[in-house]
Structures are given as structure tokens and as C-alpha cells.
Amino acid sequence: MSDRRQRIHSLVIALLAHQSDLELLDDDRSGPGGHPLGGGGDAGNWLERNRRVVQRYQSLVRSAVTLDALIEQELGSDQLGGGAPSA
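Cut-offs and rules
Residues numbered from 1 in each chain as written. Predicted model: local features only at pLDDT ≥ 70, side-chain atom pairs only at ≥ 80, totals over all residues. Heavy atoms only, no water. Helix = DSSP H or I, 4+ residues; strand = E, 2+ residues; numbered from the N terminus. Buried < 20%, exposed > 50% of the residue type's maximum accessible area, 1.4 Å probe, protein only. Contact = heavy atoms within 4.5 Å. Areas by Shrake-Rupley, 256 points an atom, 1.4 Å probe, with all protein chains shown as cover. 1 Å grid on protein atoms, 1.4 Å probe; cavity = no way out; pocket = protein on both sides within 12 Å on 5 of 7 lines; lining within 4 Å. Points joined across faces, edges and corners; volume = space filled by probe spheres on them. Nonpolar A, V, L, I, M, F, W, Y, C, P; charged D, E, K, R; others polar. Salt bridge = Lys/Arg side-chain N within 4 Å of Asp/Glu carboxyl O.

For the chain, the helix and strand inventory stands at two helices and zero strands. Across the 87 residues of the chain, 10% fall into the buried class. Considering only residue pairs separated by 6 or more positions, the chain has 64% of its internal contacts joining residues 24 or more positions apart. With an accessible surface of roughly 6600 Å², the chain has 57% of that area assigned to carbon and sulfur atoms.

Okay, here's the thing in C-alpha cells:
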């Protein structure tokens, strides 16, 4: 795994650790007896919920990528400028 990918992975894990209400995707067999959508569930609600969960994870990953890019920028400007970055 590349250094950048490892850093982003670590940032995602750290962001996930700060989530108080972490949701996981539901599968279509989560109902009683293993019937699709619980034997009478609403496919639209199931899809919408899973879409929201995926969007939340995507947001966490985008945040980690942004944080990594900001860290790289700060390290680059610090190394190029020879001192602490100006605030």
C-alpha cells in the first residue's frame, strides 16, 4: 500500500472512530425468515436508507482525502519555505 493511501486509510479510521451513530448497510435478506426485504418491506425505503449510508461514508473518505492534501500542502510549504507556515 502506498504511503498516501495508508495515510488516507488511517484518517478514515480516525474519522470513523469519532462517529457516535455509525450505520451499516442493510442487506435485502434482513427480514424474518431471510425473505427479501422482510417478506413485505418497501424496496424504495431500503434503497434510500442504503444510499444515505453510502453517501455518509463517501463524505468521510472525501474529508480524509482533503485532510491528507492539506497536510501535504503544509509539509511542502514548510519544507520549501524553511520555516513554520504563516497563519
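Once that is clear, we can look at empty space enclosed by the protein. In total, this model carries one cavity of 30 Å³ or more according to the counting rule given. Computed from the structure, the largest cavity encloses a volume of approximately 40 Å³. As for the largest cavity, its lining consists of Leu 22, Glu 23, Val 53, Arg 56 and Tyr 57. Of the residues that constitute the lining of the largest cavity, the class distribution is three nonpolar, no polar and two charged.

We now examine the pattern of salt bridges. What the rule picks out here adds up to eight salt bridges. The residue Arg 7 makes a salt bridge to Glu 72 at a minimum N-O spacing of 3.1 Å. With a gap of 65 residues between them, Arg 7 in helix α1 (residues 3-17) and Glu 72 in helix α2 (residues 43-81) connect regions that are remote in the sequence. On the basis of relative accessible area, Arg 7 is assigned to the partly exposed category, the value being 31%. Overlapping salt bridges bring together Arg 4, Arg 7, Asp 68 and Glu 72 as one network.

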